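# Structural features, examined
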Amino acid sequence: EAGVAQSPRYKIIEKRQSVAFWCNPISGHATLYWYQQILGQGPKLLIQFQNNGVVDDSQLPKDRFSAERLKGVDSTLKIQPAKLEDSAVYLCASSSGTSGVVDTQYFGPGTRLTVL
Amino acid sequence: AQSVTQLGSHVSVSEGALVLLRCNYSSSVPPYLFWYVQYPNQGLQLLLKYTSAATLVKGINGFEAEFKKSETSFHLTKPSAHMSDAAEYFCAATTYGGSQGNLIFGKGTKLSVKP
């Protein structure tokens, strides 16, 4: 079974530029998550989708970050304009959304963003 | 608010020695608890999870963790370290079941294994 795919793996931009990240979850997984992992810290949830609807975006800086999951499969996360403090690894994860107890989240390799 | 604390940002052990990585949580309700491992330039991989069944949870690669409610702890152990265990380990918690799992992560512990 293919894992969670993310692209690009690395991105370097100047501050105030825009950037987009792409995620393809495991086939059939209804739930998709975007996390931000700043160096030296654990991942922090930015947004959670259930199919193509948003479940939780309480920690998404909506003045500059946006995300969508069209057709309930792939997702894109956009930052516009980027700030220096956005330098981080952006992780995408997916889960089946069918477990009655607690779903396992499967993580992609991440996109490392450097803002200069 | 829920939080996860990992004691020690860096742990170093000799090959063959016991591995002990500490995790404490704070939660007003019984949590679900997880340990993830992250190898350089890779995503997180689930080692094991506690979902209120057995308090001693066995995971992959010989790791296990014990849920102790009285100590609000979920420490990760492995009897004998291997060079391939060198990685960063994250403890995480959520109080939601099903697909509502908003994982709260600790800051991570980097494990080094000396030959």
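Residues numbered from 1 in each chain as written. Chains lettered and ligands numbered in written order. Predicted model: local features only at pLDDT ≥ 70, side-chain atom pairs only at ≥ 80, totals over all residues. Heavy atoms only, no water.

Bringing the sheet that holds strand S1 (residues 5–7) of chain A into the picture now. Residue and element names in this part refer to chain A. Strand order in the open sheet formed by four strands is S1-S3-S8-S7, with antiparallel pairing between adjacent strands. Looking at which strands have only one partner, the edges of the open sheet turn out to be S1 and strand S7 (65–68). Averaged over all adjacent pairs, the angle separating strand axes in this sheet is 15°, with direction ignored. Note that S7 and strand S8 (residues 75–79) share four bridges and pair antiparallel. Paired with Ser-66 across the strands is Lys-78, a residue of S8. (Pairing = 2+ DSSP bridges. Helix = DSSP H or I, 4+ residues; strand = E, 2+ residues; numbered from the N terminus. Axes fitted to C-alpha atoms, helices over the stretch in contact; angles between N-to-C directions.)

A few words now on the nonpolar core. Within the largest apolar cluster, 27 residues are counted, with the highest numbers of intra-cluster contacts made by B:Trp35, B:Leu47, B:Leu48, B:Phe74, B:Leu76 and B:Tyr89. Counting residues per element, the ones that place at least two in this core are strand S2 (10–14), strand S3 (19–26), strand S4 (32–38), strand S5 (44–50), strand S7 (64–68), strand S8 (73–78), strand S9 (87–94) and strand S11 (109–114) of chain B. Formed by 21 residues, the second largest nonpolar core is a distinct cluster that contains A:Phe21, A:Ile26, A:Leu60 and A:Leu113. (Core = buried A, V, L, I, M, F, W, Y, C linked by side-chain atoms within 4.5 Å. Buried < 20%, exposed > 50% of the residue type's maximum accessible area, 1.4 Å probe, protein only.)

Pairing between the strands of a sheet comes from backbone hydrogen bonds, and it takes one of two forms, parallel or antiparallel. All names here are of chain B. On the basis of which strands lie adjacent, the open sheet formed by five strands has the order S1-S3-S8-S7-S6 and antiparallel pairing. Both outer strands of the open sheet, strand S1 (3–7) and strand S6 (56–58), are each paired with one neighbouring strand and no more. Averaged over all pairs of adjacent strands, the angle between strand axes in this sheet comes to 20°, irrespective of strand direction. Where S7 lies against S8, five bridges are found, and the strand directions are antiparallel. From the neighbouring strand, Ala-65 faces S8, where its bridge partner is Leu-76.

Next up on the list: the confidence of the model for chain B. For chain B, per-residue confidence averages 90 on the pLDDT scale, and residues scoring 70 or more make up 93% of the total. Across chain B, S2(B) holds the top mean pLDDT of 97, while strand S10 (residues 104–105) of chain B sits lowest at 90. (pLDDT = per-residue confidence, 0-100.)

All names here are of chain A. Following Ser-7, the chain continues to Pro-8 via a peptide bond in cis, the omega torsion being -10°. Within the element layout of this structure, Pro-8 appears in the loop between S1 and strand S2 (10–13). In the segment running from Gln-80 into Pro-81, the intervening peptide bond is cis, with an omega of -5°. Residue placement: Pro-81 occurs in the loop between S8 and strand S9 (88–95). At Arg-16, a residue that is not glycine, the phi angle is positive and equals roughly 80°.

A few words on the packing of aromatic side chains. Scanning the entire structure with this criterion turns up 14 aromatic pairs over all chains. Ring centres 5.4 Å apart and planes at 40° place the aromatic pair A:Tyr35 and A:Phe107 in the tilted group. Of this pair, A:Tyr35 sits in strand S4 (residues 31–37) while A:Phe107 sits in strand S10 (residues 106–107); the two residues are 72 residues apart in sequence, bridging distant segments of the chain. Judged by centre distance (5.4 Å) and plane angle (80°), the ring pair of A:Phe107 and B:Tyr36 falls under edge-to-face. With A:Phe107 in strand S10 and B:Tyr36 in strand S4, this pair bridges two chains. Neither A:Phe107 nor B:Tyr36 differs from the other in exposure class; each is buried. Ring pairs connect the aromatic residues A:Tyr33, A:Tyr35, A:Phe107, B:Phe34, B:Tyr36, B:Phe90 and B:Phe105, which therefore count as one cluster. (Phe/Tyr/Trp six-rings, centres within 6.5 Å; stacked < 30°, edge-to-face > 60°.)

This part takes up the pattern of salt bridges. Residues and elements named next belong to chain A. Applying the stated criterion across every chain, the model contains four salt bridges over all chains. Between Lys-62 and Asp-57 there is a salt bridge, with its nearest N and O atoms 3.7 Å apart. The exposure class assigned to Asp-57 is partly exposed, which follows from its relative accessible area of 26%. (Salt bridge = Lys/Arg side-chain N within 4 Å of Asp/Glu carboxyl O.)

Here the focus is the interface of chain B and chain A. Much of the literature gives interface size as the accessible area that the parts lose upon coming together. Taken together, the 24 residues of chain B in the interface contact 27 residues of chain A. For the pairing of chain B and chain A, the buried interface totals around 1900 Å² over both sides, and the portion due to carbon and sulfur atoms is 49%. Across the chain B-chain A interface, the total number found is three residue pairs in polar contact (both at pLDDT 80 or more). Those elements giving two or more residues to the side of chain B that touches chain A turn out to be S4, S5 and S9 of chain B. When residues in the side of chain B that touches chain A are grouped by element, the largest group, four residues, is from S4(B). For the side of chain B that touches chain A, the residue count by class is nine nonpolar, 13 polar and two charged. (Contact = heavy atoms within 4.5 Å. Buried area = accessible area lost by both parts, 1.4 Å probe. Polar contact = N/O pair within 3.5 Å; in protein donor to acceptor, adjacent residues only side chain to side chain. Nonpolar A, V, L, I, M, F, W, Y, C, P; charged D, E, K, R; others polar.)

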